[in-house]
Amino acid sequence: MKINLKSNYMKKALLLLCLFAGANAFAQTCTIDTVTYTQPGIYPDSATGFMPAYVGQAYDQNITVIIPEDTVVDVFGSPQTVTIDNIDIDNVQGLPNNFTYACDPPSCSFPGNSAGCVTIYSTVDPTITDTGRYDLIIDVTAYSGFINQSSTIDYYYIDINEPLSLDEMGSKLHNVSASPNPAINFTTVSFQAMENHVLNMLVTDLTGKVVMDETVNAQVGTNNVRLNVSELPSGIYIYSFVSGTSKISRKLVVK
């Protein structure tokens, strides 16, 4: 029989965390994506990162968490395989003003050999005074029998950018996204068009060099553009739809 010992302080802290996260869960929900992600880990990973935020727009970043059944730890200098009871998110530090988080399960306590999710979202749209980069620190604790191990995840950040133009805010295009992202050989960029029009689609690397340039005849409703990225080097790219002087851009990771 496994016994998971926690101090009274940890029990109280976990109870408060449950109440806090549970209250947030009523305001916002997240999605567990075990179709795109199948291996243990946290997704998006450090290479992909979080999507940027924009002044005047609501923000919602979904995170999928896949917990393995066991792991190897150092016990008095000897590697031992231990069963994971649960891994808890204790806190997320560094969030912008009026940003918070919620989990599924609502306690933010993820049992071993399970999948869950977290959403980081804005309760109030960012303002111009919120622009800038926010480096996040996620405090986590792993529990396995008598072993408790605390650690931090410190590679995520959120950029809050200046307002987008009217077209970029969705008067012409809605729900622009790429799947799969990260992409290996192919990805499909989907969007909702509010009117029939011709768009120029560009894919650039982080130096601004154009690596793909296509013309898209958008029709009212759902549109899908399939991209062959098999010949692109691994890295981060920006795909953009351009119409006149307006442009909407998103990040694409190629592996």
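What you see is a predicted model, and the numbers here were worked out from it, not measured in a lab. Counting restarts for each chain, with residues numbered from 1 along the sequence as it is written. Whole-chain, interface and lining totals are the exception, using all residues; otherwise, since this is a predicted model, local features are given only for residues with pLDDT of at least 70 and side-chain atom pairs are given and counted only at 80 or more. Where side-chain values are given, they derive from all heavy atoms of the structure, hydrogens and water being excluded.

Student: Describe the overall build of the chain, listing the residues and the values that go with them.
Tutor: Helical segments are the DSSP runs of H or I of at least four residues, strand segments are the runs of E of at least two, and each set is numbered from the N terminus. Along its length, the chain carries 2 helices and 20 strands. Here the chain, with 255 residues, has 41% of them falling under the buried criterion. Long-range contacts, defined as pairs at least 24 residues apart, comprise 62% of the intrachain contacts of the chain with a sequence gap of at least 6. Calculation of accessible area relied on Shrake-Rupley with a 1.4 Å probe; when residues are assessed, cover is drawn exclusively from the protein chains displayed. Accessible surface, the chain as shown: approximately 13,800 Å² in total, 54% of it carbon and sulfur. Between buried and exposed lies partly exposed: a residue is buried under 20% and exposed over 50% of the maximum accessible area for its type, with that area taken using a 1.4 Å probe on protein chains only. Contacts between residues were defined by any pair of non-hydrogen atoms, one from each residue, lying within 4.5 Å.

Student: Tell me about the state of the cysteines, and name the residues and values.
Tutor: Note on disulfides: each one is a pair of cysteine sulfur atoms within 2.5 Å. Under the counting rule described, the total for this entry stands at 2 disulfides. Note that Cys 30 is cross-linked by a disulfide to Cys 117, the S-S spacing being 2.0 Å. Torsion about the S-S bond of the Cys 30 and Cys 117 cystine: about 75 degrees, corresponding to right-handed handedness. Of this pair, Cys 30 sits in the loop between helix H1 (8–27) and strand S1 (41–43) while Cys 117 sits in strand S9 (residues 114–122), placing them 87 residues apart in sequence.

Student: Explain the pattern of salt bridges to me, using residue names and the numbers behind them.
Tutor: A pair is scored as a salt bridge if a Lys or Arg side-chain nitrogen falls within 4 Å of a carboxyl oxygen belonging to Asp or Glu. With the rule as written, the count across this model stands at 2 salt bridges. Salt-bridge contacts for Asp 45 lead to Lys 255; the nearest nitrogen and oxygen are separated by 2.9 Å. Placement of the pair is Asp 45 in the loop between S1 and strand S2 (53–54) and Lys 255 in the segment after strand S20 (246–254), with a sequence separation of 210 residues. What makes Lys 255 partly exposed here is its relative accessible area of 47%. A salt bridge links Arg 133 to Asp 135; its shortest N-O distance comes to 2.9 Å. Taking the relative accessible area as the measure of exposure, Arg 133 reaches 52% and is therefore exposed. We classify Asp 135 as partly exposed; its relative accessible area is 48%.

Student: Quick rundown of the sheet that holds strand S10 (residues 132–135)? Include the residues and the values.
Tutor: The criterion for strand pairing is that DSSP finds at least two bridges linking the strands in question. Judged by pairing direction, the sheet is mixed, and its 3 strands sit side by side in the order S2-S13-S10 without closing on themselves. The open sheet terminates on both sides in strands that have one partner only, identified here as S2 and S10. Two elements, S2 and strand S13 (residues 157–161), share 2 bridges in a ladder whose sense is parallel. Across the sheet, residue Ala 53 finds its bridge partner in S13, namely Ile 160.

Student: Residue-level account of the environment of Ile 120, with values.
Tutor: As for its placement among the helices and strands, Ile 120 is situated in strand S9. Ile 120 gets classed as buried once you look at its relative accessible area, which sits at 1%. Distance from Ile 120 to Leu 95, taken between C-alpha atoms, is 8.8 Å for residues 25 residues apart in sequence. Those residues in contact with Ile 120, other than ones at most four positions away along the chain, are Phe 50, Tyr 59, Asp 60, Gln 61, Ile 63, Leu 95, Phe 99, Thr 100, Tyr 101, Leu 136 and Ile 158.

Student: Break down the side chain of Thr 64 for me, with residues and values.
Tutor: Tracing the backbone shows Thr 64 in strand S3 (residues 60–67). By relative accessible area, Thr 64 is classed as buried at 1%. The definition of a polar contact used here is a pair of N or O atoms within 3.5 Å, where within protein one atom must be able to donate a hydrogen and the other to accept one, and adjacent residues in sequence count solely through side-chain atom pairs. Of the polar contacts made by the side chain of Thr 64, one reaches the backbone nitrogen of Asp 33; its length is 3.1 Å. Here Thr 64 is in contact with Thr 31, Ile 32, Asp 33, Tyr 37, Gly 41, Ile 42, Tyr 43, Gly 116 and Cys 117, once residues within four sequence places are set aside.

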